[in-house]
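The primary structure of each chain is shown beneath.
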2 protein chains.
Amino acid sequence: MVESSSVRNRKPPGVRREQILTVATEAFGNSGFRGVSLADIAATVGISQPGLLHHFRSKEELLIAALERRDEDSFSHMAIVFNGASTVDGLLALCRHNQENPESMRLYAVTAAESIEPAHPAHGYFRQRYVRVRSSVAGHIRRDQDAGLLLPELDPDETAAEIIAVMDGLQVQWLLDPSVDMCAVMETYLRRLTRRESADGEVVR
Amino acid sequence: MVESSSVRNRKPPGVRREQILTVATEAFGNSGFRGVSLADIAATVGISQPGLLHHFRSKEELLIAALERRDEDSFSHMAIVFNGASTVDGLLALCRHNQENPESMRLYAVTAAESIEPAHPAHGYFRQRYVRVRSSVAGHIRRDQDAGLLLPELDPDETAAEIIAVMDGLQVQWLLDPSVDMCAVMETYLRRLTRRESADGEVVR
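Note that this is a predicted model, so its numbers are computed, not measured.

The next point concerns the relation of the copies chain B and chain A. When chain B is fitted to chain A, the best match, at an RMSD of 0.0 Å, comes from turning it 180 degrees and sliding it 0.0 Å along the axis. The two molecules are tied by a two-fold rotation axis, judged by turn and shift.

By the secondary structure assignment, Ile 116 of chain A is in the loop between α6 (102-114) and α7 (123-146). The exposure class assigned to Ile 116 of chain A is buried, which follows from its relative accessible area of 3%. Apart from the residues lying within four places of it in its own chain, the contact partners of Ile 116 of chain A are His 123 of chain A together with Arg 106, Ala 109, Leu 175 and Leu 176 of chain B.

The next thing to look at is the confidence of the model for chain A. Residues of chain A with pLDDT of at least 70 account for 91%, and the chain-wide mean is 90. For the stretch residues 1-6 of chain A, pLDDT sits under 50, and the model shows 15 contacts to residues farther than four places along the chain or on other chains.

Now for the interface of chain B and chain A. In this assembly, 47 residues from chain B lie in contact with 46 residues from chain A. In total, chain B and chain A occlude about 4000 Å² of area from one another, counting both sides; carbon and sulfur atoms represent 57% of this. Taken together, the links from chain B to chain A amount to eight salt bridges. Applying the counting rule to chain B against chain A returns 12 residue pairs in polar contact (both at pLDDT 80 or more). Among the elements that take part in the side of chain B that touches chain A, helix α8 (residues 156-176) of chain B stands out by supplying 13 residues, more than any other. Looking at the side of chain B that touches chain A residue by residue, the classes come out as 25 nonpolar, eight polar and 14 charged.

Our next topic: the UniProt feature "DNA-binding region" (unreviewed entry) in chain A. If you check UniProt for "DNA-binding region" (unreviewed entry), the listed places come out as residues 37-56 of chain A in our numbering. Across residues 37-56 of chain A one finds 75% helix and 0% strand; the C-alpha atoms that close the span lie 13 Å apart.

A separate point is the state of the cysteines. All names here are of chain A. Counted under the stated rule, the structure contains two disulfides over all chains. Covalently, Cys 95 is tied to Cys 183 through a disulfide, its sulfur atoms 2.3 Å apart. Between Cys 95 and Cys 183 the sulfur-sulfur dihedral comes to about -100 degrees; the bridge is accordingly left-handed. On the criterion of sequence distance, the pair formed by Cys 95 in helix α5 (residues 87-99) and Cys 183 in helix α9 (residues 182-191) is long-range, its members being 88 residues apart. When its relative accessible area of 2% is taken as the criterion, Cys 95 is described as buried. The exposure class of Cys 183 is buried, given its relative accessible area of 8%.

So, how was this worked out
Residues numbered from 1 in each chain as written. Chains lettered and ligands numbered in written order. Predicted model: local features only at pLDDT ≥ 70, side-chain atom pairs only at ≥ 80, totals over all residues. Heavy atoms only, no water. Least-squares fit on C-alpha atoms with pLDDT ≥ 70 in both. Helix = DSSP H or I, 4+ residues; strand = E, 2+ residues; numbered from the N terminus. Buried < 20%, exposed > 50% of the residue type's maximum accessible area, 1.4 Å probe, protein only. Contact = heavy atoms within 4.5 Å. pLDDT = per-residue confidence, 0-100. Buried area = accessible area lost by both parts, 1.4 Å probe. Salt bridge = Lys/Arg side-chain N within 4 Å of Asp/Glu carboxyl O. Polar contact = N/O pair within 3.5 Å; in protein donor to acceptor, adjacent residues only side chain to side chain. Nonpolar A, V, L, I, M, F, W, Y, C, P; charged D, E, K, R; others polar. UniProt positions renumbered as here; feature names shortened; annotations may be inferred. Disulfide = S-S within 2.5 Å.

Pasting the structure below:
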């Protein structure tokens with residue numbers, strides 16, 4: 001397949017792929033999977049539709065690739081922030097990272113809700129993603145309970161679902177109305193899960 | 001405007017209106033605002049598009065009417081369950097009520113996320129709704145703090161945003177995967193906001 005764009009618009013495949021994913025993230029985040037056409041995305045990128053299909057074979061494939069790119073960024077960021085940090089501090093660093101990337105948050109919020117429909121192309125993706133993220137957060141909770149940082153009475157699996165719900169729910173409120181201080185509310189919430197006595201013996205709550 | 005349906009399909013306007021709203025709730029909840037056409041909704045109801053436009057002048061008006069019908073149901077249910085009940089018990093009753101109405105929950109979850117986009121027809125509706133619901137929940141929190149039922153250190157406004165986030169976030173997880181016990185997680189979370197000593201002097205946490 002040949003791109004219709006002129007020679008000055010030619011870019012290395014990796015750069016072009018990134019550019020398409022950036023445009024797709026914004027478009028799907030604004031209008032949802034059904035509200036966007038590949039023709040719209042190709043036009044915004046400045047390439048032909050066959051040129052776009054050279055990189056992604058379908059709209060479904062492009063959506064999943066945009067979600068996976070977002071996950072790679074989140075998970076690599078989490079690996080950095082969780083390296084040696086407590087669950088609470090790691091999640092707060094993630095919250096601030098998300099806040100700096102509202103386009104990615106919108107893609108995630110809009111597509112997660114849409115994907116409730118079993119026929120949605122990202123239905124399986126989100127079901128599996130939630131299982132994976134709950135399991136990962138539950139592991140961090142267990143580790144911090146063993147280290148005496150989190151309340152011992154917390155059920156790790158249920159609390160993981162709860163923490164992810166707070167984060168997801170606050171994202172929608174903040175994206176709709178930035179006067180909601182997402183990460184401040186998140187911090188107050190997370191501190192409530194910590195043991196009453198902090199490391200220096202001060203009463204936390 | 002004249003409906004194309006035969007005489008046996010004629011229904012009193014209130015019944016027909018309810019029927020259209022039920023079909024619209026399911027359709028918008030499945031496919032989002034942009035994924036549904038008035039022609040689809042009219043066809044599912046079994047009336048013509050002019051017949052549908054006799055009840056709702058546009059797709060935008062129909063979406064808002066479906067959301068408002070859902071709110072009327074939620075708010076009247078809340079008025080009943082909060083009458084004499086604590087904030088925690090009222091919210092748990094609401095959680096169970098929501099769980100029995102997954103179509104309404106889907107409409108709400110999908111449209112709230114879509115409406116982040118300022119050009120979405122429900123953008124203003126959801127911004128205002130969150131302000132109103134946060135304010136209402138904050139009022140319940142203050143009342144229960146005065147009654148010694150909730151932790152005195154909770155900031156009512158921030159905690160209201162937090163509670164609504166937990167509820168919204170758990171709804172998406174449950175709708176995607178009903179193995180997440182939404183109301184059980186909600187209950188554990190809400191009990192953590194209550195004072196450590198319950199009415200009978202037992203330590204709650």
